[in-house]
Amino acid sequence: MEIRVRNVSKNYYSDGKTIEALADVDLVIPSNRIFTLLGPSGCGKTTLLRCIVGLESPDTGEIAIGDEVVFSAERGIFVPPEKRALGMVFQTYAIWPHMNVFDNVAYPLQARNDSKDEIVRKVAKALHFVQLDGFEKRPATKLSGGQQQRVALARALVAEPKVILFDEPLSNLDAKLREETRKELRRFLTELKITAVYVTHDQIEALALSDTIAVMRNGRIVEMGTPREIYFDSDRQFVADFIGHANFIPGKVAAVGEAGTRIDSAIGPIACGRKIGAAPGTAVTVCIRPEFIRVLKESRRDGENVFRGKVESLVFVGDAYEGEIRVGETLLIFRIEPTTAVREGEEIALHFDPLHCSILMN
Amino acid sequence: MQKTRTALTPGLIAIVGFLTVCPVVMLILGSFSEGLGTFGTFTLDKYVQAYTDPAFAEILVSTVIFTLGSALVATGLALFLAYLNTRTNIPFKFMFGVISLIPMMVPHILFAVSWVLLLNPSNGMINLFLRQVFGWEGAALNIYTLKGMILVEGLLDLPIAYLVIAPAMAAFDVSLEESSRVSGASNGRTLFRVTLPVLRPAILAAMTLVIVRSLASFAVPSVIGMPGQIYVLATHIYRIIATGYATDYGMAAAVGMSALAASITLIVLYRRLTREGEKYVTVSSRGYRPSVIDLKGARYPLFGIVALISFVLIVLPVIVLFYTSLVPYVMTPSAKAFAMMSWRHWLAVLKDPVSLLALKNSLYLGIGGATLGMILSFFVAYVIVKVRTKASGFLESLSFLSFSFPGIVVGIGFMWFFVQTPLYSTIWALLIGYIATYLPYGLRPLTSAFVQIHGNLEESSRVCGGGPLYTMRRIVLPLLVPGIASGWILMATMFVRELSLSVVLSRPGTEVLAVQILRFAEDGLWGRLSALGIIMIFISTALVVLANAIAKKFSKRY
């Protein structure tokens, strides 16, 4: 089911100050896809989710789920959360501690008075789906974090909603379990053909899980696209900086050619394999991600996008070396194979592919 | 939902405001009035009369010695016990949990009576024993002294001091001591230069709380102090309104004002000290365990002391009372005494119409009062924890205000109010007074239960299709059951034993258990007193068991 959010704003007032949680958000969340709201804490992503589910009501605008308008400020419509027929997984899982697994999962069905047999059948099916067969009688308090997360998912799915919402559901799991659960969740959601709205501040989670990502900041959606588009083609510094690590090199457009754009930057001329509409002389920022910087130790060759610098620092982090190279006055961060023989203080040459440089408009 | 919430808060502020502010306002009005019933013209006579009384200075001195002495005894013992429990390998640590639960078991007046039975100068059992065995003349030990009062009150307030000090002791960062040792200080020097100074806010907080409690205490001053002609503020007020021909509620109010002022000041001080104490809490890392000191050979001797304290606090009063209820007059246990045992005092009590009425009234007040009190506490706790506006913050301070009021003073204030209403001399007057005074007891467990219900648990029920009422019934109420049960137990046991408010508000026809016991004590009817006392302990215990069973049934899937 498609979700349409139109001109939604919401302000909070505390201690006489107004905090703009959502500023005129316009958004269409496509049907049967995994849609992620990504942004730093306080950007309004959770508020938007809570407005969709009905736990908060916006100050202005309209929200429609499928064909039903669930909120409209002008028309005075507010459908309470229990009438919206959605599923939701909370950050805290919100597993009720006084019930066992069966009662937790059966709750949405009991609330709408399904028949006993129906409930037993559907709960078993939901638990089977999240691979918790036979856990019915287990008290909720006797579950591990990962199991609680699955129970929460089973509960959100059991009434077969058309839309399921996730509020940072993996943030309470430890790193390894988070990675496994993320993969599993991706598989579950792809299997189900369901509209999923997922809120997170973790860019890796967003990139790995989503069909579409919307990046939020200060109550606004600043950029929307597929994970690849967001990662490689973002033309905003905030987005590029928030997603992964990046080097930002200030410069000016020197020439716009068939193959791409040439930029005069602080470290010298940079060739970018991308065309932009900016006229020569426009101030821009070149963005290069550290993992695309190659170190050329042996060869002394000169060429396109080859720069010389000194290794200022080098840290071994297991699967890679992370370090900084000084080129002229500019410090660039890089990330290279752990087997590369580079030492701190060494003079080296570095290179990056023009296709991996993006140009951000200032 | 927004609309009902906004109506709820002012409504509760009105109710709780009436309960806590009414007695204070009436007390102030009364202290400037001519006589109960008709306020008359504004007058300062009662203050002049009360504070120029030559005996008043002596009463103040006794009050200061009594409260400070009790604070020292209670805090000293609490420090000792808390240290043993949290920092050493003393055996049978569950005993310490029992000690902190005693206030639920033996009512203060019965505890005081049992000490009178043991140590009164004319026929105290220990004194009789010393006379028979060693041929000592007169009274070797006399409980009817300030020292006796301090000892008994100190023991009674020990659990409160322990509950303040033990958590602070448990949170103590041992590395502070270790670094002192590494810096070359001896064990003793470390104790006095590091350990005790760091614990100082907790120790002072415990002392302040005990001073407030002993200032409000009526059982010990009336049962032990009055026979020895030792008066403190509470018994002085009681003497003004309850003895002699000319009872003077105006003067009682005037004296009560200073007790009230002292209590409020001390509670403000206590709050400040506990805040300061939080600043001192040094540990935060997870999985932290304070290192345990090996007592080696001293383990069992020290445990013996703990066991003795527990015995004296819990077992001894019950044994003494039960024994006294069976023998015809006070005598030391002997073959003769056992031969003369009978149920005569029990039968006398069960045939005594006033005792039976007191029993009925106390039961009614305990069960009905606690139930009404918990209903009020439920809404107040909901507003305090879940609504969280400025008004709810005000409601919170308002509802914990009465915690600092001495019962007898609140009683005088309410008296000035009730005589204006048809409630005077009815059981409803007692009910209202009880709930006003003990609201914090019901509120505290409920607010902490509410705090533990994370907002997501309710929200998740709403998203799952449960409406507000369905959510209340299936999620909120079941999760609150433990809090409701413990609040109910606390209130009900407090109500069944209530004394200091009741001695003022109880009239013929509205007698309650503790007041009836006080009457028996004043008349020296120790056998009947003991029989009724055992019944009282039995009721308290039954209420605890009953409420626990109900809580277990309701949250059985927990």
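Note that the coordinates shown come from a computational prediction; the quantities given were computed from them, not determined experimentally.

### With respect to the overall build of chain A
A count of helices and strands for chain A gives eight helices and 21 strands. Dimensions of chain A, computed from C-alpha atoms along their principal axes, come out at roughly 75 × 50 × 45 Å. When each of the 362 residues of chain A is scored for burial, the buried share is 41%.

### Observations regarding the interface of chain A and chain B
Taken together, the contact pairs 19 residues of chain A with 18 residues of chain B. Residue contributions to the side of chain A that touches chain B peak at three residues, all from helix H2 (residues 101-111) of chain A. A breakdown of the residues in the side of chain A that touches chain B according to their chemical character gives 13 nonpolar, three polar and three charged.

### As for the nonpolar core
Here is a general trend for soluble globular proteins: nonpolar side chains tend to be buried in one another's company. Membership of the largest hydrophobic core comes to 261 residues, with the highest contact counts inside it found for Ala112(B), Ile165(B), Ala206(B) and Ile412(B). Discounting residues that sit within four places of it in the chain, Ile165(B) has contacts with Ala78(B), Leu79(B), Ala82(B), Ala202(B), Ile203(B) and Ala206(B).

### Some thoughts on the environment of Pro197(B)
Residue and element names in this part refer to chain B. Relative to the assigned elements, Pro-197 resides in helix H9 (residues 187-216). When the 13 C-beta atoms within 10 Å are taken as the criterion, Pro-197 is described as partly exposed. Here the alpha-carbon distance between Pro-197 and Ile-432, two residues 235 residues apart in the chain, equals 43 Å.

### As for the confidence of the model for chain B
Residues shown with low pLDDT carry predicted positions that ought not to be read at fine detail. Residues and elements named next belong to chain B. Looking at chain B as a whole, its pLDDT mean stands at 85, while 93% of the residues score no less than 70. Highest mean pLDDT in chain B belongs to helix H10 (residues 219-225) (94); lowest belongs to helix H4 (residues 94-101) (72). With pLDDT under 50 throughout, residues 282-288 is counted as low confidence; its partners more than four residues away or in other chains account for five contacts.

### A closer look at the packing of helix H16 (residues 353-387) of chain B against helix H21 (residues 468-497) of chain B
Residues and elements named next belong to chain B. Taken N-terminus to C-terminus, the directions of H16 and H21 make an angle of 140 degrees; their axes are 8 Å apart at the nearest point. As judged from the angle between their axes, H16 and H21 are oblique. Between H16 and H21 the crossing geometry is right-handed. Taken together, the residues of H21 that come into contact with H16 (itself represented by Ser-362, Leu-365, Gly-366, Ile-367, Gly-369, Ala-370, Gly-373, Met-374 and Ser-377) are Ile-484, Gly-487, Trp-488, Met-491, Ala-492, Phe-495 and Val-496. For the contact of H16 with H21, the class distribution of residues is 10 nonpolar, six polar and no charged.

### Here's the deal with the sheet that holds strand E13 (residues 261-265) of chain A
All names here are of chain A. Strand order in this open sheet of five strands is E14-E13-E12-E15-E21, and the pairing throughout is antiparallel. Each edge of the open sheet carries a strand with a single partner, namely strand E14 (268-272) and strand E21 (357-361). In this sheet, neighbouring strand axes are inclined to one another by 45 degrees on average, regardless of whether the strands run parallel or antiparallel. Pairing analysis gives five bridges linking E13 to E14, with the strands arranged antiparallel. Each residue of the ladder has a partner; that of Ser-265, found in E14, is Gly-268.

### Some details on the sheet that holds strand E2 (residues 17-29) of chain A
All names here are of chain A. Pairing is antiparallel across the open sheet formed by five strands, whose spatial order is E2-E1-E4-E5-E6. Both outer strands of the open sheet, E2 and strand E6 (77-78), are each paired with one neighbouring strand and no more. In the sheet, strand E1 (residues 3-14) pairs with E2 via nine bridges, with the strands oriented antiparallel. In the strand pairing of E2, Val-8 is matched with Val-25.

Rules and cut-offs
- Residue positions are given per chain, counted from 1 along the sequence in the order it is written.
- Working convention: letters from A go to chains and numbers from 1 go to ligands, in the order in which they are written.
- Per-residue local features are limited, in this predicted model, to residues with pLDDT of at least 70; the limit for side-chain atom pairs, both in listing and counting, is 80 or more; totals at the level of whole chains, interfaces and linings are taken over all residues.
- The numbering of helices and of strands both runs from the N terminus, where a helix is a DSSP run of H or I of at least 4 residues and a strand a run of E of at least 2.
- Exposure is read from a count of other C-beta atoms within 10 Å of each residue's own; the residue is exposed at 12 or fewer, buried at 20 or more and partly exposed in between. C-beta atoms are placed from the backbone.
- Note on contacts: each residue gets a C-beta atom placed from the backbone, and two residues are in contact if those atoms are within 7 Å.
- Residues are grouped as follows: nonpolar covers Ala, Val, Leu, Ile, Met, Phe, Trp, Tyr, Cys and Pro; charged covers Asp, Glu, Lys and Arg; every other residue, Gly included, is treated as polar.
- Joined through C-beta atoms within 7 Å, a set of buried Ala, Val, Leu, Ile, Met, Phe, Trp, Tyr and Cys residues constitutes a nonpolar core.
- What pLDDT expresses is the predictor's confidence in each residue, scored from 0 to 100.
- Helix axes use the C-alpha atoms of the stretch in contact, all axes being lines fitted to C-alpha atoms, and the angles between their N-to-C directions lie in the range 0 to 180 degrees.
- An angle counts as roughly parallel when it lies under 35 degrees, as roughly antiparallel when it exceeds 145, as roughly perpendicular when it falls between 65 and 115, and as oblique in every other case.
- Here is the rule for handedness: rotate from the far helix to the near one, and if that takes an anticlockwise turn smaller than a right angle the crossing is left-handed, while a clockwise turn gives right-handed.
- Being paired, for any two strands, means DSSP has found at least two bridges between them.

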